[in-house]
Structures are given as structure tokens and as C-alpha cells.
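Residues per chain are reported as follows:
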Amino acid sequence: MLQELLVAGVAAASAALVYVGAAARVVKQYERGVVLRLGRLTGDVRPPGFTLVVPLADRLHKVNMQIVTLPIPAQEGITRDNVTVRVDAVVYFKVVDAANAIIQVEDYRFAVSQMAQTSLRSIIGKSDLDDLLSNREKLNQGLELMIDSPAIGWGVQIDRVEIKDVSLPDTMKRSMARQAEADRERRARVINADAELQASKKLAEAAGVMSEQPAALQLRLLQTVVAVAAEKNSTLVLPFPVELLRFLERAQAQQPPPDGSPE
């Protein structure tokens with residue numbers, strides 16, 4: 001009798017161990033467990049840690065709650081100003097409702113990917129080329145709203161959307177380079193013209209001062225000669241000052257004749 005009880009106890013313990021082994025599940029810290037009992041959602045979402053399910057009747061689906069980085073393949077489209085471009089982007093999203101992510105959509109990753117590609121093509125068609133190149137922050141926000149609206153019902157939250165790269169045809173790149181070069185040349189000419197205008201005003205003021213003081217013109221001439229002579233790589237021809245000739249004429253006119261008689 002005792003032997004039969006011992007065998008029965010061992011059998012019951014073995015059955016219990018087998019049951020626990022079949023029912024035991026471990027949900028990781030970054031996961032949540034969704035239990036479907038005979039195909040129907042039952043109970044609350046299982047938190048991280050050790051949990052038990054009914055063997056053969058329950059099926060535990062683990063949902064990753066981490067932020068997912070999903071690259072969007074490059075999409076080709078025509079902008080509003082009729083320029084063909086290829087744009088690729090990246091979507092950052094996470095699951096906020098594990099039950100809806102399992103029940104409401106077959107594959108939430110694939111659904112987000114397809115919605116992102118469609119929204120990216122729509123953004124390309126509604127935007128100008130200048131917006132794609134320089135105003136990406138606004139486009140990122142618009143793209144995020146377009147993806148996030150249907151994703152809310154899937155238990156998914158879009159964290160961020162970033163446009164990575166905009167590829168242009170080679171002909172458009174050359175045209176943009178010529179446009180930038182022409183704009184720089186225009187600004188250089190405007191700056192040179194403005195400098196010439198300022199210099200002409202200063203020269204006019206200097207000419208007015210020198211006209212009142214003829215000696216200032218001679219001093220300026222001597223300064224120019226000194227500046228040119230510093231190079232020591234050219235022959236310098238110094239013109240005879242006209243003012244000096246006039247000074248000599250006046251000095252000769254003031255001298256008396258050699259015989260003392262008036263002229």
C-alpha cells in the first residue's frame with residue numbers, strides 16, 4: 001500500500017512538473033505578453049517577469065515595446081515645381097498598446113513601413129525643391145502627422161521621422177551650381193561698385209582740400225614716389241613740379257638787373 005502511494009505521489013509530482021513546464025513563460029523587461037485563450041483575448045497584458053498560461057488552450061504573444069528604427073526605402077517623385085528627386089527617410093516608433101498591436105493589425109511593422117512610403121511620396125508631390133533641401137524640419141513634422149494618424153489605432157506611436165537624403169539629377173546639380181556662381185559674382189560686382197562709389201566721394205573731398213592748398217598736392221606726389229620707390233623693381237621717372245617752376249619765375253622777377261637799371 002505504501003509503495004502504491006509513493007508511486008502515485010511521484011506520478012503526481014511529475015505531472016505537476018510537466019504542467020508547470022508547459023505553462024511557465026518568461027516575459028522580458030522590454031516586452032509585454034498578450035494571451036489568446038482559444039483564439040480570444042483574455043485578461044490584461046502580462047507584465048515583465050514570470051507568468052503562467054493554460055497549456056494547449058492559451059497562446060502567449062510577446063510584443064517588443066522598444067523604439068524601433070525603420071528605414072524607408074528611397075522614393076522617387078516629382079516636386080511641385082516639376083523636379084524629379086529621390087528621397088529616403090527613417091521612422092522611429094514604438095508600441096504603446098500591445099493588445100491593439102496584435103489584434104488590430106496583422107503586422108504592425110509592415111503596416112508602418114507601407115504607410116511611411118506612401119506618406120513620403122505624398123510629401124514629395126506637395127513640396128518644392130527648396131523646401132526639401134532647406135526646410136526639412138517642417139516636412140518632418142508633416143510626415144510624422146501623416147503616419148501617426150492611422151498608427152494610433154494600431155497601438156503604435158510615431159516618435160520621430162527624419163528625411164535622410166535628397167538625390168537630385170546631375171543636370172539639376174549643375175544648374176544649381178551655375179546659379180550659385182552667378183549669385184556670388186553679382187554680389188562681388190555690387191560690393192566693388194559700392195567701394196568705387198565710396199572711394200570717389202573721398203577723392204572728391206581730397207581734391208577740394210588740395211585745391212585750396214597746392215602744397216598738399218606736392219606732398220601727396222612725394223608720398224606716391226616714396227611708395228613706388230619701395231618696390232625697387234622698376235625705373236622711376238620723376239616729373240618736374242610745375243609749382244617749382246612758378247616759384248623760380250617769381251624769384252627771378254623780383255631780382256634787380258645786373259647793371260642796377262630798371263628793366
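Owing to the predicted nature of the structure, the values given are computational and were not obtained by experimental measurement.

Undergrad: Can you break down the overall build of the protein chain residue by residue, with the values?
TA: When helices and strands are counted, the protein chain shows 8 helices and 8 strands. Considering only contacts in the protein chain between residues 6 or more positions apart, those separated by 24 or more positions represent 64%. Of the roughly 18,600 Å² of accessible surface on the protein chain, a fraction of 57% belongs to carbon and sulfur atoms.

Undergrad: Outline the pattern of salt bridges, supporting the account with residue identities and numerical values.
TA: Throughout the structure, instances matching the rule amount to 7 salt bridges. In this structure, Arg187 and Asp183 form a salt bridge, with 3.4 Å as the shortest nitrogen-oxygen distance. Placement of both Arg187 and Asp183 in helix 6 (residues 170-212) is noted, with a separation of 4 residues, approximately one turn of the helix. Classification of Asp183 as partly exposed rests on a relative accessible area of 30%. Via salt bridges that share partners, Asp183, Arg186 and Arg187 belong to a single interconnected network.

Undergrad: Account for the packing of helix 3 (residues 108-126) against helix 5 (residues 136-151), with residues named and values stated.
TA: Where helix 3 contacts helix 5, the two axes come as close as 10 Å, and the packing angle between them is 140 degrees. Looking at the two axes, helix 3 sits oblique to helix 5. Remark: the crossing between helix 3 and helix 5 carries right-handed chirality. For the pair helix 3 and helix 5, the contacting residues are Met115, Ala116, Ser119, Leu120, Ser122 and Ile123 in the first and Leu139, Gly142, Leu143, Met146, Ile147 and Pro150 in the second. Partitioning the contact of helix 3 with helix 5 into residue classes produces 9 nonpolar, 3 polar and no charged.

Undergrad: I'd love a proper account of the environment of Val53, names of residues and values included.
TA: The topology assignment puts Val53 in the loop between strand 4 (49-52) and strand 5 (58-64). Overall, Val53 belongs to the buried group, its relative accessible area being 5%. Distance in space between the C-alpha atoms of Val53 and Arg25 is 7.4 Å, their sequence separation being 28 residues. For Val53, the residues in contact, after removing those within four places along its chain, are Ala23, Arg25, Val35, Arg46, Asp58 and Leu60.

Undergrad: Any details on the sheet that holds strand 2 (residues 31-37)? Residues and values, ideally.
TA: Spatial ordering of the open sheet is given by 3-2-5, a layout of 3 strands whose pairing is antiparallel. Every other strand in the sheet has two partners, leaving strand 3 (40-41) and strand 5 as the edge strands with one partner each.

Undergrad: Please give an account of unusual backbone geometry that cites residues and values.
TA: Even without a glycine there, the phi angle at Leu56 is positive, about 70 degrees. Following the sequence through the fold, Leu56 ends up in the loop between strand 4 and strand 5. With a phi close to 65 degrees, Asn82 is a non-glycine residue in the positive phi region. One can find Asn82 in the loop between strand 6 (68-78) and strand 7 (84-95). Using a relative accessible area of 66% as the deciding quantity, one classes Asn82 as exposed.

Undergrad: Outline the nonpolar core, listing residues and values.
TA: In this structure, Val85, Val91, Phe93, Val156 and Ile158 are the most contacted members of the largest nonpolar core, which totals 35 residues. With 7 residues, the top contributor of residues to this core is helix 3. Non-local contacts of Val156, meaning those with residues more than four positions away in its chain, are made with Phe93, Lys94, Val95, Val96, Tyr108, Val112, Asp148 and Ala151.

Undergrad: So, the sheet that holds strand 6: which residues are in play, and what are the values?
TA: Taken in spatial order, the 3 strands line up as 6-7-8 in an open sheet, and their pairing is antiparallel. The outermost strands of the open sheet, each flanked by one partner alone, are strand 6 and strand 8 (156-167). When the angles between neighbouring strand axes are averaged without regard to direction, this sheet yields 25 degrees. Contacting strand 6, strand 7 and strand 8, helix 3 runs over the sheet at an angle of about 35 degrees to strand 6. Running at roughly 140 degrees to strand 8, helix 5 makes contact with strand 7 and strand 8 of the sheet.

Conventions we followed
Residues numbered from 1 in each chain as written. Predicted model: local features only at pLDDT ≥ 70, side-chain atom pairs only at ≥ 80, totals over all residues. Heavy atoms only, no water. Helix = DSSP H or I, 4+ residues; strand = E, 2+ residues; numbered from the N terminus. Contact = heavy atoms within 4.5 Å. Areas by Shrake-Rupley, 256 points an atom, 1.4 Å probe, with all protein chains shown as cover. Salt bridge = Lys/Arg side-chain N within 4 Å of Asp/Glu carboxyl O. Buried < 20%, exposed > 50% of the residue type's maximum accessible area, 1.4 Å probe, protein only. Axes fitted to C-alpha atoms, helices over the stretch in contact; angles between N-to-C directions. Parallel < 35°, antiparallel > 145°, perpendicular 65-115°, else oblique. Left-handed = near helix turned anticlockwise from the far one by under 90°. Nonpolar A, V, L, I, M, F, W, Y, C, P; charged D, E, K, R; others polar. Pairing = 2+ DSSP bridges. Core = buried A, V, L, I, M, F, W, Y, C linked by side-chain atoms within 4.5 Å.

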